[in-house]
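So you can see what is in the structure, the chains are spelled out below.
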Amino acid sequence: MNTAMTRPAWGLIAVGAAACVAADAVNRALFFPSLFYAFILWLSMSLGALAFLMTHHLTGGRWGFMVRRILEAAVVPLPLLAVLFFIFFLGSPALRQGHGYFEPGWIAFRSALNFGIWIGLAWALRRRSLLQDRSEDPRPTRKMRMISGPGLVLYFLSVSFAMTDWLMELVPGWRSTMFPGIMMSTQALMALSGAVAVFLLLPKTGEAEAMATSQAWHDLGKLLFAFVIFWAYVAFSQLLVIWSGNLPQETLWYRQRSVGGWQGLAMAVGAFCFFAPAAVLLFQGPKHAPRVLAMVAAGIWVSQAVFLFWVVTPSFYPAFHWSWTDVLVPAAVGVIWAAFFWHGWRSALPVPRNDPRLEQPEVAIS
């Protein structure tokens, strides 16, 4: 295993960083909202991967062995995302105008604590996963399972605090107990759909191909379908509760996103985040066809990226707004994220080894 960052990876990091610096120099007012969207977009990918890793370690599902190394590589960029957040926090006043619980100092403290939890969990799980590759002693697998139970609790709590601090506070006074659940389901969809789509693109060994059984693909398809339904359920539930209450302060978030041209994007979100993928995944055929499932997964990833744009950007612009920085900056951050991902993927074997659960018979998700 090669643990050194390669020259191409450093080159990607340099290109992405240069693009961000250039965007900031040309138009700082456009740069920071785009940077925040890019941060939320790629953080969703990494946090969803962390949550699925812990779920896999708790359940031991065979579907997880197929994409586990992809998920492990996806958590490697978390330190980069911590740096991006504090660049935004220090460079933009958006999150530094609150009082009391939302004073800038408290937001910075909670943010540092959240990143400490996420990075610590990712490091602990990845370290033991790589250790299990080199040893037939099952203790690393047992420790990963022991970490994952409390880790999922910490994930739910920390993401709830983070989404309140970073996204709800962009609309001062607006609160929703369902909103963190929507964001967690988005993270799950982005990580799982991204892993399914990327699996076909990465170079694979015979061992990796052996993991990609028809049943594993089918299980991943069913998980995607389940999370598409769950995402729609929590998103509609929040809308229904707020619409039924009809209180001005509660409806503010939706008013921002349903006027000034944003309503068209809202309808597109409903169509492509729920109706389109659900209509395909409802049937068994696509779940057994790897290329079709990968294409559906890629569509889900893109639709959730658009959803996050609809969540983040109206807080900065009252009318529909789209600029060159909204493409360049997320792409530049994505290039840097991909360099860390590639380094993480190359630093491990393509599939886990010596995990005692690999010897158990394959059981389908019911």
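Here the structure is shown first, and the text comes after it.
Just so you know, these numbers come straight off a predicted model, no measurement behind them. (Residues numbered from 1 in each chain as written. Predicted model: local features only at pLDDT ≥ 70, side-chain atom pairs only at ≥ 80, totals over all residues. Heavy atoms only, no water.)

### Points about the overall build of the protein chain
Okay, step 1: Across its full length, the protein chain holds 14 helices and zero strands.
Okay, step 2: Since a compact globule built from 366 residues should have a radius of gyration of about 21 Å, the 20 Å found for the protein chain is in line with a globular shape.
Okay, step 3: For the protein chain, with 366 residues in total, the buried portion stands at 53%.
Okay, step 4: For the protein chain, the exposed area adds up to about 15,700 Å²; of that, 71% sits on carbon and sulfur atoms.
Okay, step 5: Here the protein chain holds 25 positive side-chain charges and 16 negative ones, and the gap between their average locations is 2 Å. (Helix = DSSP H or I, 4+ residues; strand = E, 2+ residues; numbered from the N terminus. Rg over C-alpha atoms; globule rule 2.2 N^0.38 Å. Buried < 20%, exposed > 50% of the residue type's maximum accessible area, 1.4 Å probe, protein only. Areas by Shrake-Rupley, 256 points an atom, 1.4 Å probe, with all protein chains shown as cover. Lys, Arg positive; Asp, Glu negative; His and termini not counted. Charge placed at Lys NZ, Arg CZ, Asp CG, Glu CD.)

### Looking at the packing of helix 1 (residues 7-26) against helix 14 (residues 325-346)
Okay, step 1: One way to put it is that helix 1 packs onto helix 14 with a least axis distance of 8 Å and a crossing angle of 160 degrees. One element, helix 1, and the other, helix 14, form an angle in the roughly antiparallel class. In this structure, the crossing between helix 1 and helix 14 has a hand that is left-handed. Facing helix 1, whose interface residues are A9, L12, I13, G16, A17, A19, C20 and A23, helix 14 presents L328, V329, A332, V333, V335, I336, A339 and F340.
Okay, step 2: Taken together, the residues of the contact of helix 1 with helix 14 sort by class into 15 nonpolar, one polar and no charged. (Axes fitted to C-alpha atoms, helices over the stretch in contact; angles between N-to-C directions. Parallel < 35°, antiparallel > 145°, perpendicular 65-115°, else oblique. Left-handed = near helix turned anticlockwise from the far one by under 90°. Contact = heavy atoms within 4.5 Å. Nonpolar A, V, L, I, M, F, W, Y, C, P; charged D, E, K, R; others polar.)

### Some remarks on the side chain of S185
Okay, step 1: Mapped onto the fold, S185 is located in helix 7 (residues 179-199).
Okay, step 2: Within the structure, the side chain of S185 is placed 2.7 Å from the backbone oxygen of I182, a separation counted as a polar contact.
Okay, step 3: Filtering out sequence-adjacent residues up to four positions away, S185 remains in contact with F230, W231 and V234. (Polar contact = N/O pair within 3.5 Å; in protein donor to acceptor, adjacent residues only side chain to side chain.)

### With respect to the packing of aromatic side chains
Okay, step 1: Throughout the structure, instances matching the rule amount to 37 aromatic pairs.
Okay, step 2: Residues F39 and F115 carry aromatic rings whose centres are separated by 6.2 Å and whose planes lie at 50 degrees to one another, so their mutual orientation is tilted. In this pair, F39 is assigned in helix 2 (residues 28-59) and F115 in helix 5 (residues 104-133), connecting sequence segments 76 residues apart.
Okay, step 3: Under the relative-accessibility criterion, F115 is labelled buried at 3%.
Okay, step 4: Members of the aromatic cluster, each reached through a chain of ring pairs, are F31, F32, F36, F39, F85, F86, F88, F89, F115, W118, W166 and F316.
Okay, step 5: Above the face of the Y101 ring, R110 is positioned so that its terminal group lies 3.7 Å from the ring centre.
Okay, step 6: The lysine or arginine in question, K287, covers the ring of F225, its NZ or CZ lying 5.6 Å from the ring centre. (Phe/Tyr/Trp six-rings, centres within 6.5 Å; stacked < 30°, edge-to-face > 60°. Lys NZ or Arg CZ within 6 Å of the ring centre and 35° of its normal.)

### A few points about the nonpolar core
Okay, step 1: F36, F39, W118, W166 and L167 are the most contacted members of the largest nonpolar core, which totals 120 residues.
Okay, step 2: When residues of this core are assigned to their parent elements, the largest contribution, 19 residues, is made by helix 2.
Okay, step 3: In contact with F36, not counting residues within four places along its chain, are F88, L95, W166, L167, L170, V312 and F316. (Core = buried A, V, L, I, M, F, W, Y, C linked by side-chain atoms within 4.5 Å.)

### Some remarks on the packing of helix 2 against helix 13 (residues 290-312)
Okay, step 1: Two elements in contact, helix 2 and helix 13, have axes whose closest approach is 10 Å; the angle formed by their N-to-C orientations is 140 degrees. Considering their axes alone, helix 2 and helix 13 lie oblique with respect to each other. Pair helix 2 / helix 13 crosses with right-handed handedness. Contact with helix 2, carried on its side by F36, Y37, I40, L41, W42, S44 and M45, involves W301, A305, V306, L308, F309 and V312 of helix 13 and no other residues of that element.
Okay, step 2: When the residues that make up the contact of helix 2 with helix 13 are grouped by side-chain class, the tally is twelve nonpolar, one polar and no charged.

### Some details on helix 1
Okay, step 1: If you check helix 1, its first and last C-alpha atoms are 28 Å apart, about what 20 residues at 1.5 Å a residue would give, namely 28 Å.
Okay, step 2: Restricting attention to buried positions, one finds in helix 1 the residues A9, I13, G16, A19, C20, A23 and D24. Taken down its axis, helix 1 places every buried residue within 135 degrees of arc, on the same side. Away from its buried face, by an angle of more than 90 degrees, helix 1 presents the exposed residues R7, P8, W10, V15, V21, A25 and V26. (Expected span 1.5 Å × (residues − 1). Arc of directions from axis to C-beta.)

### A closer look at the pattern of salt bridges
Okay, step 1: Overall, the coordinates contain ten salt bridges when judged by the stated rule.
Okay, step 2: One salt bridge connects R69 with D133, and the closest N-O pair in it is separated by 2.9 Å. In this pair, R69 sits in helix 3 (residues 62-74) while D133 sits in helix 5, placing the two residues 64 residues apart along the sequence. As far as the burial class goes, R69 and D133 line up, both buried.
Okay, step 3: Residues E169 and R175 are paired through a salt bridge, measuring 3.1 Å at the closest nitrogen-oxygen approach.
Okay, step 4: Of the residues examined, E169 reaches a relative accessible area of 10% and is grouped as buried.
Okay, step 5: The class of R175 is partly exposed, set by a relative accessible area of 34%.
Okay, step 6: Here the residues in one salt-bridge network are R68, R69, E72, D133, D355 and R357, joined through shared partners. (Salt bridge = Lys/Arg side-chain N within 4 Å of Asp/Glu carboxyl O.)

Everything listed here is a matter of geometry and, on its own, says nothing about what the molecule does.
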